[in-house]
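Listed below are the residues making up each chain.
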Amino acid sequence: MKRLSDKYKWAIILFLTGLGLGLIFSALKRDVSIEAQVETVLAKGETGTEVISEDEASDLKHLNSDQGELNSNREPNLNLTDDLRPALEKGPYVAIVVDDLGFSYARAKELSRIDLPLTWAIIPFQSASRQTADLAKEKGIPFLVHIPMQAFGDKDGGSYLVGLSMGCEEIKRNVKKAIESLPGAIGANNHRGSAATSDMRVMRAAMEGLKETGLSIFLDSRTAASSVAALEAKRAGLLALENGAFIDHLDGVNFMWSQLKRAAGLAKRRGYIVAICHVRPATLVFLNQLASSPDVGVKFVTVKELARLLSASR
C-alpha cells in the first residue's frame, strides 16, 4: 500500500509540475508576442517624438495585456454626452486630434500646411511648445494642452505632471501651470497616463485644477481601458470627450486608412467620434492623403467645432 501511495504521490507531483511549467511557458509566449509588437513599432520610426517612446511602449504593453482600446472593438462611452444622432443632423462628425506636438517646430509647420480640420495637442514645457502654440493661434488651429500623466510601470517621481503619489493640491497646481504655459488652449487631454487616469482621486484633483483655469473641455485619450478621466471630467462640469480610435499606433498608411474607416463607422452609428494620431512622418503622409480625398462619409471638424455642436444639441 505504501508503494502504491508513493506512486500516486509522485504522479500528482509530476502533474502539478507539468501544469505549472505549461502556465509559465504560456505567459512567456504572450510577453514575447507583446514585446515583438512594441519592438516593431519602435523599429519603424525615427528618433525623438516621431516614434513611440519607451514610456509609451510601456503603455502599449499594458494595453495589450489588458485588452485595452488599441486592440479592442469596444466603442467609447459616448453616453457621457448621450447618443446625439437625432440632434447632430448634419453629421456624422469625426474630430482628429494630433498628439505629441511641442518638440519640433519644423514638424508643426509641416502639419500646419495640411488642409484638413485638425486639433493639435501640445505637450507643455518642451523646446518648441510655446512656439508651436503661437503657430496654432496664428493659423487659427485649436489646440489642447497634452498633459503628461503617470503610466503603468512608471516609478514615482517620473517626468509627468500628474502622478499617483502626488497630493491633490500638487496635482491641481501642476495642471494649472501646464495650462498657463500655453495660453489660448481650448482644453486639455492626457499624454500617456494609464495609471493616473485609472485613479479616481487623482483624476478628480486634475479636473478640479482644469476647471479652475476657466477651460471647459477634457479629452480622455483612453490609454487604459480602466480610465475614469472622462467620468471625473463630467462630474467636474466639463465637456467630457473620449478617444474612440487610435489611428496610427501601428505604422503604415494603409493601416491608418483602415483605422479611419473604423472610426467613421463608429461615428455613423453614434453621431460623432474623436480619433487620435501623432505627428510622425508616416502619419503626415496619411493626413495629406486624407486632405486630398476626405470623402469617407463623415464630416471632419475640430474639437472646438464639435464642442459647439454638442452644446447646441443639448
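First, a word on scope: everything that follows refers to the structure included in this document. Everything numeric in this text was worked out from a predicted model, so none of it was measured.

1. Here's the deal with the environment of Glu-180
Piece 1. By secondary structure assignment, the location of Glu-180 is in helix H5 (residues 168-181).
Piece 2. In this structure the C-alpha to C-alpha distance between Glu-180 and Thr-213, which are 33 residues apart in sequence, comes to 7.9 Å.

2. Some points on helix H4 (residues 129-139)
At 3.6 residues per turn, the α-helix brings residues three or four places apart onto the same side.
Piece 1. For H4, the complete set of buried residues consists of Ser-129, Thr-132, Ala-133, Leu-135 and Ala-136. For H4, the buried positions fall inside an angular range of 160° around the axis, keeping them on one side.
Piece 2. Buried positions along H4 lie against strand S1 (93-101), helix H3 (105-112), strand S2 (119-122) and strand S3 (143-149).
Piece 3. Two residues or fewer past H4, Gly-140 is found with a positive phi of approximately 70°.

3. A short note on the nonpolar core
Piece 1. Judged by nonpolar contacts, the single largest core of 67 residues is most densely connected at Trp-120, Ile-147 and Met-203.
Piece 2. It is helix H8 (residues 253-270) that provides the largest number of residues to this core, a total of eight residues.
Piece 3. When residues no more than four places from it in sequence are discounted, the contact partners of Ile-147 are Leu-161, Val-162, Val-175, Ala-178, Ile-179, Ala-188, Asn-189, Asn-190 and His-191.
Piece 4. Counting 20 residues, the second-largest nonpolar core is a separate cluster that includes Ile-186, Phe-246, Ile-276 and Leu-309.

4. Some words on the pattern of salt bridges
Piece 1. Inspection of every chain in the model, using the stated rule, returns twelve salt bridges.
Piece 2. Notably, a salt bridge pairs Arg-192 with Asp-154, separated by 2.9 Å at the nearest N-O pair. Highlighted residues: Arg-192 in strand S4 (residues 187-192) and Asp-154 in the loop between S3 and H5, separated in sequence by 38 residues.
Piece 3. Taking the shortest distance from any N to any O, the salt bridge between Arg-235 and Glu-232 comes out at 2.6 Å.

5. A few points about the packing of H5 against helix H6 (residues 200-212)
Piece 1. Taken N-terminus to C-terminus, the directions of H5 and H6 make an angle of 40°; their axes are 8 Å apart at the nearest point. As the angle between them shows, H5 and H6 are arranged oblique. For the element pair H5 and H6, the recorded crossing hand is right-handed. Contacts between H5 and H6 involve Cys-168, Ile-171, Lys-172, Val-175, Lys-176 and Ile-179 on the former and, on the latter, Arg-201, Val-202, Ala-205, Ala-206, Glu-208, Gly-209, Leu-210 and Glu-212.
Piece 2. Across the contact of H5 with H6, the residue classes break down as eight nonpolar, one polar and five charged.

Cut-offs applied
- Residues numbered from 1 in each chain as written.
- Predicted model: local features only at pLDDT ≥ 70, side-chain atom pairs only at ≥ 80, totals over all residues.
- Heavy atoms only, no water.
- Helix = DSSP H or I, 4+ residues; strand = E, 2+ residues; numbered from the N terminus.
- Buried < 20%, exposed > 50% of the residue type's maximum accessible area, 1.4 Å probe, protein only.
- Arc of directions from axis to C-beta.
- Contact = heavy atoms within 4.5 Å.
- Core = buried A, V, L, I, M, F, W, Y, C linked by side-chain atoms within 4.5 Å.
- Salt bridge = Lys/Arg side-chain N within 4 Å of Asp/Glu carboxyl O.
- Axes fitted to C-alpha atoms, helices over the stretch in contact; angles between N-to-C directions.
- Parallel < 35°, antiparallel > 145°, perpendicular 65-115°, else oblique.
- Left-handed = near helix turned anticlockwise from the far one by under 90°.
- Nonpolar A, V, L, I, M, F, W, Y, C, P; charged D, E, K, R; others polar.

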